[in-house]
Number of protein chains: 6
Amino acid sequence: MIMPKRTLRNELRRFLREDVGQGDITTEAIVPKETNILAQIVLKQPAVICGLNEVKVLFEMLGVKFFEKVKDGDEVSAGTVIAEVEGDGKKILTAERTVLNLLMRMSGIATEARKLVKEVQKIDPKIRIAATRKTAPGLRYFDKRAVIVGGGYAHRMRLDEAFLVKDNHITIAGEIKEALKRIQLSSHSSKRVEVEAKTKEQAVQAAELGVDIVMLDNMSPKEAAETIKELSARNLRHKVQIEISGGITPENFVSYAVLKPDIISLGSLTHSVRAVDISLEVIKANLPS
Amino acid sequence: MIMPKRTLRNELRRFLREDVGQGDITTEAIVPKETNILAQIVLKQPAVICGLNEVKVLFEMLGVKFFEKVKDGDEVSAGTVIAEVEGDGKKILTAERTVLNLLMRMSGIATEARKLVKEVQKIDPKIRIAATRKTAPGLRYFDKRAVIVGGGYAHRMRLDEAFLVKDNHITIAGEIKEALKRIQLSSHSSKRVEVEAKTKEQAVQAAELGVDIVMLDNMSPKEAAETIKELSARNLRHKVQIEISGGITPENFVSYAVLKPDIISLGSLTHSVRAVDISLEVIKANLPS
Amino acid sequence: MIMPKRTLRNELRRFLREDVGQGDITTEAIVPKETNILAQIVLKQPAVICGLNEVKVLFEMLGVKFFEKVKDGDEVSAGTVIAEVEGDGKKILTAERTVLNLLMRMSGIATEARKLVKEVQKIDPKIRIAATRKTAPGLRYFDKRAVIVGGGYAHRMRLDEAFLVKDNHITIAGEIKEALKRIQLSSHSSKRVEVEAKTKEQAVQAAELGVDIVMLDNMSPKEAAETIKELSARNLRHKVQIEISGGITPENFVSYAVLKPDIISLGSLTHSVRAVDISLEVIKANLPS
Amino acid sequence: MIMPKRTLRNELRRFLREDVGQGDITTEAIVPKETNILAQIVLKQPAVICGLNEVKVLFEMLGVKFFEKVKDGDEVSAGTVIAEVEGDGKKILTAERTVLNLLMRMSGIATEARKLVKEVQKIDPKIRIAATRKTAPGLRYFDKRAVIVGGGYAHRMRLDEAFLVKDNHITIAGEIKEALKRIQLSSHSSKRVEVEAKTKEQAVQAAELGVDIVMLDNMSPKEAAETIKELSARNLRHKVQIEISGGITPENFVSYAVLKPDIISLGSLTHSVRAVDISLEVIKANLPS
Amino acid sequence: MIMPKRTLRNELRRFLREDVGQGDITTEAIVPKETNILAQIVLKQPAVICGLNEVKVLFEMLGVKFFEKVKDGDEVSAGTVIAEVEGDGKKILTAERTVLNLLMRMSGIATEARKLVKEVQKIDPKIRIAATRKTAPGLRYFDKRAVIVGGGYAHRMRLDEAFLVKDNHITIAGEIKEALKRIQLSSHSSKRVEVEAKTKEQAVQAAELGVDIVMLDNMSPKEAAETIKELSARNLRHKVQIEISGGITPENFVSYAVLKPDIISLGSLTHSVRAVDISLEVIKANLPS
Amino acid sequence: MIMPKRTLRNELRRFLREDVGQGDITTEAIVPKETNILAQIVLKQPAVICGLNEVKVLFEMLGVKFFEKVKDGDEVSAGTVIAEVEGDGKKILTAERTVLNLLMRMSGIATEARKLVKEVQKIDPKIRIAATRKTAPGLRYFDKRAVIVGGGYAHRMRLDEAFLVKDNHITIAGEIKEALKRIQLSSHSSKRVEVEAKTKEQAVQAAELGVDIVMLDNMSPKEAAETIKELSARNLRHKVQIEISGGITPENFVSYAVLKPDIISLGSLTHSVRAVDISLEVIKANLPS
């Protein structure tokens, strides 16, 4: 999970400008120049914290000192001061909303991911909880990073990272074998290959053709179980990774986990986030003398 | 709610590139050049649709034809084909995820906003349901537009749009009166002024000083009721707009609405979105002859 | 009047590159590396100084020390050293023309604005002298800021800041009432409304409909006087601000001012600027040893 | 005078966005979608027209038809319709101010340049009236082009175009000869060399050293006359071009022209522009049926 | 080998502007507006052609028609017209040098790659000739594409594409095993792993640890032979791909090829290119009537 | 040879990102945070070094200390440490390839240029060895600078720098005289004029018309000799500079040099570069304690 520092700064600056526009006219009018402020960032409900790393970069870009009181990934109780900031009052108040919006979303994702990771680890610590590409537009990096901080697995960041043959691709190619042949021909470098299987037969076929990962897509727990059994029977199970994806909910989650796939991936981790409540409170303001 | 067309295109392009990176290597390998595809965008659960306008712009940028089957703001049942696309197969499959991510989020917001608007209208059709600035970073325009399409009110898009004196500003200025005086001095153009009141006294003071809107912030229904009563008693109620904000939930929502404020605003509308399930399905693929 | 610091730096850098292109080949050839220079910026005619704030930012971007000897807004006599700069000789000479071009224009605007403000204050200190949007393309911020420094009022910076219903809008809407109704419908946030009135009747109509400002556009002093009288007679004068605009010259200026409008606005303040003569003179050059 | 088409479009777009910001909220609210408008651009005072070429590009970028009724460089009487535009009403009204600001400034410059060119041609048609680099920041291309359209000479567009040794350069180099030697050494391509001479002696020295142009800077007509006489006496006059610059006014203009220099350059042509009054008037509006 | 179309256009535009600057002043002066030109692009020496695809995009951006007479990858004899262009004379002449510079370099690379591919295929058609990351700065895409067109293998486009553990990495990690462990820990998605081995022992160790590719770096043919023999002896040869890299020349090339590695990679393919001579010749010019 | 510092930084950053993409995943995984590294840049074959200035800027942008052990332009023997770098290990390893690619190419060009300059100086030290515009796309500045560091002459950097009338221009204009007339008319500033002559007659004609440089294009040594003789006979030789260009090789180089032209220009200097072998070797790595 790497984003060039400069890119990260540009993203954060863009977030800030989106909120500020030409200027925070209220703060500009009311807060005198060179007012020094000490403020606390306070968690209002129990959560796994995420986003402090990013927020730190933003405050430092603004010349504001940022003191982490906890670390990204920590599980923290309600009422905790997770960070303090000190510096130019205009800048802190102007950036407040942008900072909180980012922390609230990332912590929301990390909290949910952590919950699922803990549950799955009771069954088998080797199973990975993964995100999908169903992230909020423009927030791929932040959403994926929050999943990792929660203990999950990022999966493909972008379409150029690995091959993933989906239903529509198979339709167009005619069959899995043909799709894989085309990938073989086009490839001028080495990237892994995953195939989405809607049926046991597809899964077996993909595994026999030597793909790296077979994704069991939108299968019921029963279908998934039968597919995995078949793969084992044919001595293919250990040659491929198994990913289960599609239609996984808190209710049916365990039924899939007991099948001991390598990966369980959920779109809801990033497309239906519940923000964690966090606020920024000014503790002290020193006006310029 | 205006975004320059060019800016919108740049945003959509950015979303697409975030997902695609250097290229959709799977699609590039498997889908032959000049394959023409017809695909349907299908709603999987009842929802208020939002984002078709934006998605249309994106497909047109790619030279893909886009046929809306419903309109943004329509309430649509599960299973409905909300749009069809026809054009270059490589481009449609490459853009699929970006398009769905946008539609799913915007429709999720519009659906929730519509629900609240309908509820409040049973009590008083003049009360407006408003969004806050608690939007996902980088998605201000899209989140706010979805609220409007749902029937809600956008409120400040950015910090430069109007004055909103918050608790921290009052702390620094010492008192509301001083804060408003500073706004008066700094202003070289005409923008509205809102003040956040935590107490009945602050609300009265702000109204007496002639602000445009008083926001009752994090008040219980009882406190809010008393404040509004006091404003009426002092003949100030009709001189200001009343906004209620902070801590509003589906449970306590009605208790606030019966006070007949001008505006009820909720952060959750945009910070804790539940995505609507939507998929893209290839119906026909014509390979180049 | 806020411009994000980063935006200002970008603008100044753009100005500089426009003049420099690939490089100041003369200075690069002649001035040895690490030559340290002390230079004075000298005013050649009496003026209100403006632009030192901006020029300071530019020099600091270049690593050159900038010492203000007067402040933006000061009225200064011919021959005054308004600032000194010290630093790398190549950079100072390369930036010279860009710096002077900016100072000369901004001081020209501030000087003219100050003259009008002083005149109007003899009549009524509450009347504001305002700029229009008739600024040099690309120089909106700089031209408006110069007006403010001169003591004037900036007025709308951009079309998105407030509603201003002009003649053409009324023509298309059919009547003022319809135009205002459309504004009411479209608005998802709170911005002020001004209407341009060419006749007494339009002015009355606009005021009755509750707009914030009525602009008396291209009226003769007599027409303007009658209009204001009518508004007073109808008890509307104190409910709206009155702006007089169009065709105002040094000659007829007083005839309008005596009507005691809230605002008098003049395009000539920014579209027909007389530059103030300012030069940069090298005082000392220390070659590298 | 070349500006890449793409650069020109970017400049015009920047001008437009500066004025529009997030959107022309008045026009967006009042003018219905797909309203077709015919409007005239009308000259309000006699002038040499300039800027139609640029404005045409802007309107075409917006999909608006632009019909020139006169050409850039034409001398036109008050009341003339100089162009008509037809197309989307929203776009025409939104662009109105930007378009007029550009036309008014460029026509103002062209008109003044033409006046001087005509005067000088009575004395000697070979003398060129030239602009300096004292243009409005960001408007170099537009200001210089207006001078050319008026019949003048653009001179250096940027510092990288030719060598111009000024007083400060000579101070640092010690003497003209040394400055020219350094230019010789640094040059890896062939660009012309001009030297600014404050005295007769400097002018002679520069001419003897073989520079391409000698600029007589801030000389009185008498000093300039003596300098030119001396150059002739030494058989140097025909070997260099003579440029007179600095302190030239309408009053003393002829005293310099009679000396028959090659070039007379004036900063006031571009730093103290009087805008020409031009307006845009909607003639017909067809609402969508 | 994918580059987004928009990125490609930006790259080509950048190349063009680098050469043109503010404008091709010679062509602008001499070629009348609307002169229509037919020109031929002629190969002056035998070569494998490459770059026509890119050049076509550039000409189309300029509105010039481009007719390929051969295809990228064709082996063509001296004197062949490889393409014709028809359109605006100004644009064709202005773009000439940029177009030729690109074609000459890309064809040079493709020609050399083809030569090596043919040689190696005599020995074993499964061995791939690969490029390295030793491309000209800014030309990665173009250089790699030329290698592919020549019949070679692109290898890693960028550092984010796959893991390649080099000597310095091993030094810092202490040993190969530790380096691979760190990769395992850091990885949140699936990318292939290659290890650079300087000795037989390192090669064996890497293969035993299950890496995807072992690169024999700067080994003599003898060392490489022994290493491959050892891998076979340990039953590891078929489990990894073998790449030979470093110090390969036309002279020793065959000694490596006979070892039947999977890949032979050469930096010289892209860092020491011999341009192919190609020219553009105007055949017909139709002046505007 | 000037490139604005900011432009240079942008170019270098672009080169780096081209190679790195989203991140150097190998280095990120293996090298611990805050590992301090000392590395040497070592020359592997005798060469004239070039590119240290640029590489220094890149390392400084990354916060890495750069110590030159030799200077650009020095002739250095194989095995020499030409620079040392010290700083963050992640950054040094990530930038390694970009840095070496630049140094290897620029040193290759400088080495070849120096060789030719030395040869020509044996014949006549006043003859200049010049580059053409046949540089690698995007590398104009770097290629030209390497030629200068090698002792050569940069010639036109871009098409806007000077007039160069080529064969195609003459064809379109009809004759040289007409081409030069058009240049005269179009010019609003002073730039030098060169004409490409394919025949003795053209050369004479151009010289008589007063151009600054005559280029003898693709002439055999004999033709060139006759042309120069004819120019001398007509007393034109000293009035123009003579450039010989086209088809010059190491074999025929001397035959042209003995004609004592002012300039000999060769495309091969920049279009067919042989990279110099240079490597970066980590000497010491201090892990964070």
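Everything numeric in this text was worked out from a predicted model, so none of it was measured.

Undergrad: Talk me through the interface of chain B and chain A; I want residue IDs and the actual numbers.
TA: Every contact between the two is made by 62 residues of chain B and, on the other side, 62 residues of chain A. A buried area of about 5300 Å², summed over both sides, lies between chain B and chain A, and 59% of it is on carbon and sulfur atoms. The largest share of the area that chain B buries against chain A comes from Ile30, Pro137 and Ile172 of chain B, three residues that together contribute 14% of it. Counting across the interface, chain B meets chain A through four salt bridges.

Undergrad: Residues and numbers for the interface of chain B and chain E, please.
TA: Each partner contributes to the interface: chain B provides eight residues, whereas chain E provides six residues. Taken together, the two surfaces of chain B and chain E that pack against each other cover about 580 Å², and 50% of this comes from carbon and sulfur. Together, Arg13, Arg17 and Gln22 of chain B form the three largest contributors to the area buried by chain B at its contact with chain E, with a combined 78%. Put simply, the parts of the chain that give the side of chain B that touches chain E at least two residues each are α1 (5-20) and α2 (25-30) of chain B. Residues that form the side of chain B that touches chain E fall into these classes: one nonpolar, three polar and four charged.

Undergrad: Could you give me a rundown of the sheet that holds strand β8 (residues 193-197) of chain C, with the residues and numbers involved?
TA: Residues and elements named next belong to chain C. An order of β6-β11-β10-β9-β8-β7 is seen for the six strands of this open sheet, with the pairing classed as parallel. Each having just a single partner strand, β6 (128-130) and β7 (163-165) make up the two edges of the open sheet. Going from strand to strand, the sheet's axes swing by 25° on average, the running direction of each strand aside. Examined bridge by bridge, β7 and β8 share three bridges and lie parallel to one another. Following the sheet pairing, Phe163 is matched in β8 by Val193.

Undergrad: If you had to explain the relation of the copies chain B and chain A to someone new, which residues and values would you point to?
TA: The transformation that overlays chain B on chain A combines an axial shift of 0.0 Å with a rotation of 180°, and the residual RMSD is 0.0 Å. Here the two chains are linked by the operation of a two-fold rotation axis. With an isologous cut-off of 70% or more, the 100% of interface residues of chain B that recur at the interface of chain A puts this contact in the isologous class.

Undergrad: Describe the domain arrangement of chain A, and please don't skip the residues or the numbers.
TA: Residues and elements named next belong to chain A. Each assigned domain of chain A is listed here: domain 1 (5-114 + 274-286) and domain 2 (118-271). Counting residues at the interface gives 21 residues for domain 1 and 14 residues for domain 2. Summing both partners gives a buried area of about 1400 Å² for domain 1 against domain 2, and 61% of it is carried by carbon and sulfur. When the buried surface of domain 1 facing domain 2 is broken down by residue, Arg105, Ile109 and Arg114 rank first, second and third, together holding 37% of it. Here domain 1 is connected to domain 2 by four salt bridges.

Undergrad: Please provide a residue-by-residue account of the pairing of strand β8 (residues 193-197) of chain B, values included.
TA: Residue and element names in this part refer to chain B. By the criterion of burial, β8 is predominantly enclosed, with five of the five residues buried. Neither face of β8 is exposed, since Val193, Val195 and Ala197 on one face and Glu194 and Glu196 on the opposite face are all buried. As for the winding sense of the linkage, the β-α-β connection from β8 through helix α8 (residues 200-208) to strand β9 (residues 213-217) is right-handed.

Undergrad: Give me the packing of aromatic side chains: which residues, what numbers.
TA: Residue and element names in this part refer to chain E. Counting across every chain of the model gives 18 aromatic pairs over all chains. Plain terms: the ring middles of Tyr141 and Phe142 are 5.2 Å apart, the flat faces sit at 85° to each other, and that makes the pair edge-to-face. Comparing Tyr141 with Phe142, the two get one shared label, buried.

Undergrad: Quick rundown of the arrangement of the chains? Include the residues and the values.
TA: A gap remains between chain C and chain E, which never touch, and the nearest two C-alpha atoms on either side lie 10 Å apart. With respect to C-alpha atoms, chain B approaches chain F no nearer than 10 Å, and the pair has no contact.

Undergrad: Summarise the pattern of salt bridges; cite the residues concerned and give the values.
TA: One pass over the full model with this rule turns up 144 salt bridges over all chains. The partner of Arg114 of chain E in a salt bridge is Glu75 of chain E, and the shortest N-O contact between them spans 3.3 Å. Of this pair, Arg114 of chain E sits in helix α4 (residues 89-123) while Glu75 of chain E sits in strand β4 (residues 75-76), and the two are 39 residues apart along the sequence. With a relative accessible area of 16%, Arg114 of chain E lands in the buried category. Judged by its relative accessible area of 48%, Glu75 of chain E is partly exposed. Put simply, Arg133 of chain E and Asp19 of chain F hold a salt bridge, and the shortest N to O gap is 2.7 Å. Residue Arg133 of chain E is found in the loop between β6 (128-130) and α5 (140-149), and its partner Asp19 of chain F is found in helix α1 (residues 5-20); the two belong to separate chains. By relative accessible area, which is 11% here, Arg133 of chain E ends up buried.

Calculation criteria
- Residues numbered from 1 in each chain as written.
- Chains lettered and ligands numbered in written order.
- Predicted model: local features only at pLDDT ≥ 70, side-chain atom pairs only at ≥ 80, totals over all residues.
- Heavy atoms only, no water.
- Contact = heavy atoms within 4.5 Å.
- Buried area = accessible area lost by both parts, 1.4 Å probe.
- Salt bridge = Lys/Arg side-chain N within 4 Å of Asp/Glu carboxyl O.
- Helix = DSSP H or I, 4+ residues; strand = E, 2+ residues; numbered from the N terminus.
- Nonpolar A, V, L, I, M, F, W, Y, C, P; charged D, E, K, R; others polar.
- Pairing = 2+ DSSP bridges.
- Axes fitted to C-alpha atoms, helices over the stretch in contact; angles between N-to-C directions.
- Least-squares fit on C-alpha atoms with pLDDT ≥ 70 in both.
- Domains from an automatic or database assignment.
- Buried < 20%, exposed > 50% of the residue type's maximum accessible area, 1.4 Å probe, protein only.
- Right-handed = clockwise from strand over helix to strand, strands pointing away.
- Phe/Tyr/Trp six-rings, centres within 6.5 Å; stacked < 30°, edge-to-face > 60°.

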